[in-house]
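Listed below are the residues making up each chain.
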Amino acid sequence: MTFKPVILWTDALIYLLLVVVIIFAWYVRRNEHLLAPWRRVGHSVSGMMALTVLILFISIGLLDTIHFRPSVQANGSTNNKIYGVQVLSLFDVIATPLRINIEKTYSAPFATHLYTRETIEFSEGKQVREFPRLEFGGAHLRNPEEQFVADVTWRTVAGLSLGLFVWSAFVILLVMLMAYRSGKEFMQTLSAILRNETEVPWNAVFRMLALIFSLLGIALSLSACYHIFGTDKVGQDVFYQSLKSIRTGLVIGTLTTLMMLPFALLLGIMAGYFRGWIDDVIQYIYTTLSSIPSVLLIAATVLMMQVYMETHPELFDTIAVRADLRLLFLCIILGVTSWTGLCRLLRGETLKIREMEYIQAAHSFGVSHWRIISRHILPNVMHIVLIATVMDFSGLVLAEAVLSYVGVGVDPSMISFGTMINAARLEMAREPMVWWALLSSFTFMFTLVLSANLFADAVQDAFNPRVRTLSFINRKIVPR
Amino acid sequence: MFDYIIRRIFYAIPILIGVNLITFTLFFVVNTPDDMARMQLGIKRVTPEAISKWKQERGYDKPLVYNGAEEGAQKFTHTIFFEKSTAMFVFDFGRADDGRDIAHEIKTRMLPSLAIALPVFLLVLVAYVTFALMMVFFRATYIDFWGVVLCVALMSISSLFYIISGQFFISKLWHLVPISGFSGGLDMGKFLVLPVVIGVISGAGASTRWYRTIFLEEMGKDYVRTARAKGLPASIILFRHVLRNAMIPILTGAVVVIPLLFLGSLIAESFFGIPGLGSYTIDAINSQDFAVVRAMVFLGSFLYIIGLILTDISYTLVDPRISLE
């Protein structure tokens, strides 16, 4: 199959972010004083376990970021390839069975029959209203009532053993690598980990990995034949949707910070460093912006963006591009409304730093303003930026769900936790209730946000700043 | 102090002008009134007459900031910017798309919003300050540890989850209170219980944890060590010394939101069908009623600025060292 790579705007920014993170990591590795706090993060048990889960989420998100348009089979001519309007990602290809096995409408998790009755006509002309069998969920079972339990048990065991097998292979590989790098014996390294004597809590990480791999194995083997989290109104697999939502959450959580950082850094440091009228102007700007309640400002801005997109439909060639641009705008808007808190903090910190002796010494040596800011002030406020970034992340993921509910979130065609909850909420009154989409999206969101929160705590403890001022930022983002 | 308040009110004027500039840019410059009209009347089949009628009904049929057709000062006063801004400053918000007076709507909808927001605010403040004090009292024990774990877990749950599961279990399954709705008088209570309880619970994690850090920071200070060296019992140190000294950061967070309570909560009100300002805003967003959203943005910032002034005044009440001169 041929394809045409597509780089959406958010994809490009994610790649940019990735490059920045890699350069930052490389730079930190070479500087012991920068590495020290990260070591402390590495020694925190909860932080490392959370990071393990986060890495899983991030890798799903990254797989979902590599987009392309597959070619449509053109009649006869092979030279002239036509590319479909549907934009797929690498993740979509991996999850192809989940994506294309679409039922008619709702079905419960592990169901073999549809949620609603349908009229079935037999060949003799007799009509019966009953729950029809699903087209894909449990379709391999000839007699679901009898075979179901045995089949699910067998598949769970198979998936579990597959997961544990991959896990042990992975662990052996990792321990071998560690042994090679530290120059010790394999068994020596392994027993140190087993007795929990390593500096980095590998024991806990491996236990977490065991959990992840066995869950993944079970999910893989079961979702091949069942809809393990059920299907939604148009029959799409909820498990697939939950996995797709991860990318949206990650994009909102990270790109928003990427958008606001330049504003906050530049203006905050300038206000604190130059004082005088520059300080007055910048303070005026952020006081004005922050005096508008953030939900209302976001709502108003998104509303205006919607009008703009409606009246300029020619700018977007596919639905994916449109949804993606809307997501990007949402990130920008969230960034513009949330930079004020960080800016205020940076201004305060810069005010303090600029009175230090080493800055005065730099002044008397005739070092230029730009150089003082970049060499002496910026590195000394970076820890605040870092902590604000990790702390904001979870708040933003939660905010996305709320904003999408209010109607000012992501594009309705984009799969996200917010749109899933919003769609499922309308079916609450049904009898029996359609609960699986809600449960699934809330569970995934909870796991993501919890691990982000735990990791943020570990980072904050390691960099040991003034805790209070920063936790105040986090409170402000989530609209209530 | 009176002088100070007067001065603060004067400082508020440039900020309100700034807010007005931002909303004006958002609502009239990013998209021209023509765009808005086309959006509301349907993109494709719309006649120029319909657009100009729509604009005339709302008073949008003038130039944005400069009217060359008029004489003298009217070049600037007969414009959308001037007319809409001055109207905003005297709280004349105009009419919503359904023809109702926005200022009147705001007045009648304020009370239902307040009926939910005020109990939530007070309960959150009292309950979580108490919890946080308890955690600090038992600090470095299992109670403190599991308390923090619980807080982090609660912080990670979406507020939508509390609302949806509350409505499902309490109202639908157990029929304890109505799912949604509102009425005045004595009946109000049964409609308010669930939103208030859920509002209190959904803030649990973040609030408790925040208050705990405030108290812990206060615990590390010298006067606490002195008090302990004097032999004061831990409870007296906590309630008489730490709590009173921690009032400043607590007030910073709490007093500023008091005026904003009038605006209510967007999510809770629309889930529980309470005819407050929050659901009014959501309805306006969904029906793209620009005038209402604009009015709410202005009102929100106005109330926030009042909140800032109130915060300053409250400082003098809890800390005699601070005087507003």
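On a predicted model such as this, the values are computed, not experimentally measured, just so you know.

What counts, and at which threshold
Residues numbered from 1 in each chain as written. Chains lettered and ligands numbered in written order. Predicted model: local features only at pLDDT ≥ 70, side-chain atom pairs only at ≥ 80, totals over all residues. Heavy atoms only, no water. Helix = DSSP H or I, 4+ residues; strand = E, 2+ residues; numbered from the N terminus. Buried < 20%, exposed > 50% of the residue type's maximum accessible area, 1.4 Å probe, protein only. Contact = heavy atoms within 4.5 Å. Lys, Arg positive; Asp, Glu negative; His and termini not counted. Charge placed at Lys NZ, Arg CZ, Asp CG, Glu CD. Rg over C-alpha atoms; globule rule 2.2 N^0.38 Å. Areas by Shrake-Rupley, 256 points an atom, 1.4 Å probe, with all protein chains shown as cover. Phe/Tyr/Trp six-rings, centres within 6.5 Å; stacked < 30°, edge-to-face > 60°. Salt bridge = Lys/Arg side-chain N within 4 Å of Asp/Glu carboxyl O. Polar contact = N/O pair within 3.5 Å; in protein donor to acceptor, adjacent residues only side chain to side chain. Domains from an automatic or database assignment. Axes fitted to C-alpha atoms, helices over the stretch in contact; angles between N-to-C directions. Parallel < 35°, antiparallel > 145°, perpendicular 65-115°, else oblique. Nonpolar A, V, L, I, M, F, W, Y, C, P; charged D, E, K, R; others polar. Core = buried A, V, L, I, M, F, W, Y, C linked by side-chain atoms within 4.5 Å. Arc of directions from axis to C-beta. pLDDT = per-residue confidence, 0-100. Left-handed = near helix turned anticlockwise from the far one by under 90°. Pairing = 2+ DSSP bridges.

**With respect to the overall build of chain A**
Line of reasoning, step 1. The number of helices and strands found in chain A is 17 helices and 6 strands.
Line of reasoning, step 2. With the principal axes as the frame, chain A shows a C-alpha extent of 100 × 65 × 55 Å.
Line of reasoning, step 3. The 480 residues of chain A split such that 52% are buried.
Line of reasoning, step 4. For chain A, contacts bridging at least 24 residues in sequence account for 72% of all contacts bridging at least 6.
Line of reasoning, step 5. Of the charged side chains in chain A, 38 are positive and 34 negative; the average position of the first set lies 7 Å away from that of the second.

**Remarks on the overall build of chain B**
Line of reasoning, step 1. Counting its regular elements, chain B contains 16 helices and 0 strands.
Line of reasoning, step 2. On C-alpha atoms alone, chain B measures out to a radius of gyration of 25 Å, which is more than a quarter above the 20 Å that the 2.2 N^0.38 rule sets for 325 residues.
Line of reasoning, step 3. Referenced to the eigenvectors of the C-alpha coordinate spread, the extents of chain B come out at roughly 80 × 60 × 35 Å.
Line of reasoning, step 4. Scored against the burial criterion, the 325 residues of chain B give a buried share of 48%.
Line of reasoning, step 5. As displayed, chain B has an accessible area near 16000 Å², and 67% of this comes from carbon and sulfur atoms.
Line of reasoning, step 6. Of the charged side chains in chain B, 28 are positive and 25 negative, and the gap between their average positions amounts to 8 Å.

**Points about the packing of aromatic side chains**
Residues and elements named next belong to chain A.
Line of reasoning, step 1. Under the defined criterion, the tally for this structure stands at 21 aromatic pairs over all chains.
Line of reasoning, step 2. Each ring, one from F229 and one from F239, has its centre 5.5 Å from the other, and the planes form 45 degrees; the classification is tilted. Residue F229 is found in the loop between α8 (202-223) and α9 (238-274), and its partner F239 is found in helix α9; the two are separated by 10 residues along the sequence.
Line of reasoning, step 3. By relative accessible area, F239 is classed as buried at 10%.

**Notes on the interface of chain B and chain A**
Line of reasoning, step 1. Listed per partner, the contact involves 57 residues of chain B and 51 residues of chain A.
Line of reasoning, step 2. Connecting chain B to chain A are 1 salt bridge.
Line of reasoning, step 3. Between D457(A) and R209(B) there is a salt bridge whose closest N-O contact spans 2.7 Å.
Line of reasoning, step 4. There are 5 residue pairs in polar contact (both at pLDDT 80 or more) connecting chain B and chain A.

**Digging into the environment of F137(B)**
Line of reasoning, step 1. Note on placement: F137(B) falls in helix α6 (residues 102-137).
Line of reasoning, step 2. In sequence terms F137(B) and L238(B) are 101 residues apart; their C-alpha atoms lie 7.3 Å from each other.

**Looking at the domain arrangement of chain A**
Line of reasoning, step 1. Under the domain assignment used here, chain A contains domain 1 (141-224) and domain 2 (247-450).
Line of reasoning, step 2. Here domain 1 of chain A and domain 2 of chain A have C-alpha centroids that lie 37 Å from each other.

**Digging into the side chain of D11(A)**
Residue and element names in this part refer to chain A.
Line of reasoning, step 1. Looking at the element boundaries, D11 is found in helix α1 (residues 9-30).
Line of reasoning, step 2. One polar contact links D11 to R247, side chain to side chain, over a distance of 2.6 Å.
Line of reasoning, step 3. Residue contacts for D11: discarding those within four places in its chain leaves V6, T65, H67 and R247.

**Here we look at the side chain of D92(A)**
Line of reasoning, step 1. Summarising the element assignment, D92(A) is placed in helix α4 (residues 90-94).
Line of reasoning, step 2. Residues within four places of D92(A) in sequence aside, it is in contact with V87(A), R99(A), Y240(A) and K244(A).

**Regarding the packing of helix α12 (residues 234-245) of chain B against helix α13 (residues 247-254) of chain B**
All names here are of chain B.
Line of reasoning, step 1. Closest axis-to-axis distance for the α12/α13 pair is 5 Å, and the angle between their directions is 50 degrees. The angle between α12 and α13 places the two elements in the oblique class. Residue-level contacts link L243, R244 and N245 of α12 to M247, I248 and P249 of α13.
Line of reasoning, step 2. Classifying every residue of the contact of α12 with α13 gives 4 nonpolar, 1 polar and 1 charged.

**A closer look at the nonpolar core**
Nonpolar side chains tend toward joint burial in soluble globular proteins.
Line of reasoning, step 1. Within the largest apolar cluster, 201 residues are counted, with the highest numbers of intra-cluster contacts made by V406(A), F93(B), I102(B), L160(B), Y211(B), F215(B) and I267(B).
Line of reasoning, step 2. Top contributing element to this core by residue count: helix α14 (residues 369-406) of chain A, with 20 residues.
Line of reasoning, step 3. For this core, the domains that each give at least three residues are domain 1 (141-224) and domain 2 (247-450) of chain A.
Line of reasoning, step 4. The residues contacting I102(B), other than those within four sequence positions of it, are F93(B), G94(B), R95(B), A96(B), Y280(B), A291(B), V292(B) and A295(B).

**Regarding helix α5 (residues 80-89) of chain B**
Within an α-helix, residues lying three or four positions from one another point in the same direction, as the helix has 3.6 residues per turn.
All names here are of chain B.
Line of reasoning, step 1. Buried residues of α5: I80, S85, A87 and M88, and no others. Buried residues of α5, viewed axially, fall in a sector of 165 degrees; they line one side.
Line of reasoning, step 2. Close packing links the buried residues of α5 with α1 (2-29), α2 (33-41) and α16 (290-318).
Line of reasoning, step 3. Downstream of α5 by one or two residues, F91 has phi in the positive range, about 60 degrees.

**Remarks on the pattern of salt bridges**
Line of reasoning, step 1. On inspection of all chains with the given rule, the structure shows 18 salt bridges over all chains.
Line of reasoning, step 2. D411(A) is the partner of R326(A) in a salt bridge, and the nearest nitrogen-oxygen pair spans 3.9 Å. Remark: D411(A) occurs in the loop between α14 and α15 (417-425) and R326(A) occurs in helix α12 (residues 319-353); sequence separation between them is 85 residues. The residues R326(A) and D411(A) share a single accessibility class, namely buried.
Line of reasoning, step 3. Of the charged contacts in the structure, one is a salt bridge between R212(B) and D144(B), with a shortest N-O distance of 3.0 Å. Of the two residues, R212(B) sits in helix α10 (residues 204-219) while D144(B) sits in helix α7 (residues 142-155), which places them 68 residues apart along the sequence.
Line of reasoning, step 4. According to the relative accessible area criterion, R212(B) is buried, its value standing at 14%.
Line of reasoning, step 5. The exposure class assigned to D144(B) is buried, which follows from its relative accessible area of 7%.

**Thoughts on the confidence of the model for chain B**
Residue and element names in this part refer to chain B.
Line of reasoning, step 1. For chain B, mean pLDDT is 83; residues scoring 70 or higher make up 98% of the total.
Line of reasoning, step 2. Averaged over each element, pLDDT in chain B is lowest for helix α4 (residues 74-77) (70) and highest for helix α11 (residues 222-230) (92).
Line of reasoning, step 3. Scored as a complex, the prediction yields pTM 0.88 and ipTM 0.85.

**Overview of the packing of helix α11 (residues 294-311) of chain A against α12(A)**
Residue and element names in this part refer to chain A.
Line of reasoning, step 1. Following both chains from N to C, one finds α11 and α12 inclined at 150 degrees, their axes separated by 10 Å at the closest point. Our classification of the angle between α11 and α12 gives roughly antiparallel. Considering the relative orientation of α11 and α12, their crossing is right-handed. Across the interface between the two elements, L297, I298, T301, V302, M305, Q306, M309 and E310 from α11 touch R322, L325, R326, F329, L330, I333, L334 and T337 from α12.
Line of reasoning, step 2. Class assignment of the residues belonging to the contact of α11 with α12 gives a composition of 10 nonpolar, 3 polar and 3 charged.

**So, unusual backbone geometry**
Residues and elements named next belong to chain A.
Line of reasoning, step 1. Positioned with a positive phi, N196 is a non-glycine residue whose angle comes to about 60 degrees.
Line of reasoning, step 2. Taking the relative accessible area as the measure of exposure, N196 reaches 44% and is therefore partly exposed.
Line of reasoning, step 3. Backbone geometry at R275 places phi at a positive 50 degrees, although glycine is not the residue there.
Line of reasoning, step 4. Take R275: it is sitting in the loop between α9 and α10 (276-291).
Line of reasoning, step 5. We classify R275 as partly exposed; its relative accessible area is 35%.

**Some thoughts on the environment of R39(A)**
Line of reasoning, step 1. Looking at where R39(A) falls in the secondary structure, it is placed in helix α2 (residues 32-43).
Line of reasoning, step 2. Remark: the alpha-carbon pair of R39(A) and V200(A), spanning 161 residues in sequence, is separated by 8.4 Å.

**Concerning the pairing of strand β6 (residues 127-130) of chain A**
Residues and elements named next belong to chain A.
Line of reasoning, step 1. Where strand β5 (residues 118-121) and β6 come together, 4 bridges link them in antiparallel fashion. Note on β6: the bridge partner recorded for E121 is Q127.
Line of reasoning, step 2. Where β5 folds back onto β6 in an antiparallel hairpin, the turn is made up of 5 residues, including G125, whose phi is positive at roughly 95 degrees.

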